[in-house]
Amino acid sequence: MTAPAHDAHHARQERPSRTALGRALLSAGVLTPDWASAFAAVPRSGFLPDLIWPWDMETGQSIPVSHTDAPEAWYGYADADVPVVTQWDDGRHTGTEPGNVSTSSASMPSVVFGMLADLDVKPGHRVLEVGTGTGWNAALLAHRLGAENVVSVELDPTVAAQARTALDRFGLPVHVVTGDGLQGCRERAPYDRIIATCGLRSIPRAWVEQSRPGGVVVAPWGTHYSNGDAVARLVVADDGESASGLFTGSVEFMKARTQRRPLVPHAEYVTGSVADGDASSSTVTEEHFLGGRFSSQDFVLGLCVPDCARVMAERDEGTRAVWLYGLTDRSWACAQFRDHAATRVWQSGPRRLWDEVHAGLAWWTVQGRPTVERFGLTVDTAGAHVWLGEPGNPVPGGAAA
């Protein structure tokens, strides 16, 4: 359910929480002056449904908040720099408690405006947005460029319909297409800018083909190793045959539905006991291996160990097990980290996944532990390739999109 129509008026009204958010974003340099008027005119609250599940910083989880039952709390979260889930389980979820998998949301305002800054739109530009979601991002673009210059594609028909309603209510009738945004929208091409609001594991060739030479593609990209992404900013070559550019920072987005990580049924990998694998020990510690949320380390390991999924168990009495699963065969590895003791490792299958991870960590260390901003991505007729520093300097492991 979209927000009640009367909220279009209330959403536009200035509130202390929204003023504070704007000041914080401006102070951090995330909200640039050229986007300030769009921020003021197009509040996120006008695009949220009655029931939302914002990320609560104190509890570290998504919590249900109803506009009907708790309007002050609802507006407080709408005006906060937190992600807000608006759909669970591809729309099959019912009830107020969170579902199993979040499948549509309104991203953190800091992330939204950071990616819009990367997009670098100019008057007269035509923009394709992939992943309409609530419609807020499309509305910001439409306020800046005119609704006639924005095309947005949304796979979920219900989500698309709700976004159209919200956009029309704000007088920003963006052309919202219900369909697969990974195919672009050829009938409205070419585009000066393309932006994706979903995490990708492969950059569609169609986006390059539907861009003007010199056009820009901004999209969260990553590997199946973890849920983390990095924002790729790709510039389309003059011949229109390729696009290339650096990553601008770490993020985490809901994945495009057709590019979600495949299931990893543990029992099909480990048919007996973990002890059936080849045993060894390692000096790599839990802290060294895991890094932190949005760490460049996870991103790099995903590049160095392609077609691999990492699954972490909860810490229990000073130990933690981390599993690695090959996605193209049934290779697996398990590392058991223990406080004040050597790490125990078991691995099995054609690939020695732990050995690959160990080699990736060593390579990253030798390179000076570069952050995601040192890496880049090129999409051309041969596929997609990740590099360090400059094109032609590939990352070991052969990771490609």
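All values derive from a computational prediction rather than experimental measurement. Position numbers for residues start from 1 in each chain and track the written sequence from start to end. This being a predicted model, a pLDDT of at least 70 is required before a residue's local features are given, and a value of 80 or more before pairs of side-chain atoms are given or counted; all residues contribute to the totals for chains, interfaces and linings. Side-chain metrics in this entry use all non-hydrogen atoms of the structure; hydrogen atoms and water are not considered.

## Remarks on the packing of helix α3 (residues 33-41) against helix α6 (residues 136-145)
Definition in use: Only the contacting stretch of a helix is used when fitting its axis, a line to C-alpha atoms as for every element, and angles between N-to-C directions run 0 to 180 degrees. Numbering of helices and strands runs from the N terminus; a helix is a DSSP stretch of H or I covering at least four residues, while a strand is a stretch of E covering at least two. Note that the term roughly parallel is reserved for angles under 35 degrees, roughly antiparallel for angles over 145, roughly perpendicular for angles of 65 to 115, and oblique for everything else. Two helices cross in a left-handed way if the nearer one is turned anticlockwise from the farther one by less than a right angle. They cross in a right-handed way if the turn is clockwise. The contact criterion used throughout is that any non-hydrogen atoms of two residues lie within 4.5 Å. Lys, Arg, Asp and Glu make up the charged group, whereas Ala, Val, Leu, Ile, Met, Phe, Trp, Tyr, Cys and Pro make up the nonpolar group; the residues left over, Gly among them, are polar.
In the contact formed by α3 and α6, the axes pass within 9 Å of each other and the chain directions differ by 120 degrees. In terms of their interaxial angle, α3 and α6 are classed as oblique. Viewed along their axes, α3 and α6 form a crossing whose handedness is right-handed. Packed against α3, whose contacting residues are Asp34, Trp35, Ser37, Ala38, Phe39 and Ala41, the element α6 presents Leu140, Leu141, His143 and Arg144 at the interface. Of the residues that constitute the contact of α3 with α6, the class distribution is 6 nonpolar, 2 polar and 2 charged.

## Some details on the sheet that holds strand β11 (residues 229-236)
Using the following cut-off: Here the rule is simple: two strands pair whenever DSSP picks up at least two bridges between them.
Across the sheet, 9 strands lie side by side as β8-β7-β6-β9-β10-β11-β12-β18-β19; this open sheet has mixed pairing. Both outer strands of the open sheet, β8 (175-178) and β19 (383-388), are each paired with one neighbouring strand and no more. Averaged over all adjacent pairs, the angle separating strand axes in this sheet is 20 degrees, with direction ignored. As defined by bridge partners, strand β10 (residues 211-221) adjoins β11 across 6 bridges and the pair is classed as antiparallel. Within β11, the position partnered with Pro220 by the bridge is Val231.

## Brief notes about the pairing of strand β9 (residues 191-196)
The side chains of a regular strand alternate between both faces of the sheet. The following threshold applies: Throughout, exposure labels follow a simple rule: accessible area from a 1.4 Å probe, protein chains only, divided by the maximum for the residue type, with under 20% read as buried, over 50% as exposed, and the rest as partly exposed.
Buried residues dominate β9, accounting for 6 of its 6 residues. Relative to β9, strand β6 (residues 127-130) is paired through 4 bridges, and the arrangement is parallel. If you follow Leu128 over to β9, its bridge partner there is Ile194. In this sheet, β10 lies alongside β9 in parallel orientation, the contact comprising 4 bridges. By the bridge assignment, Tyr191 is partnered in β10 with Ser211.

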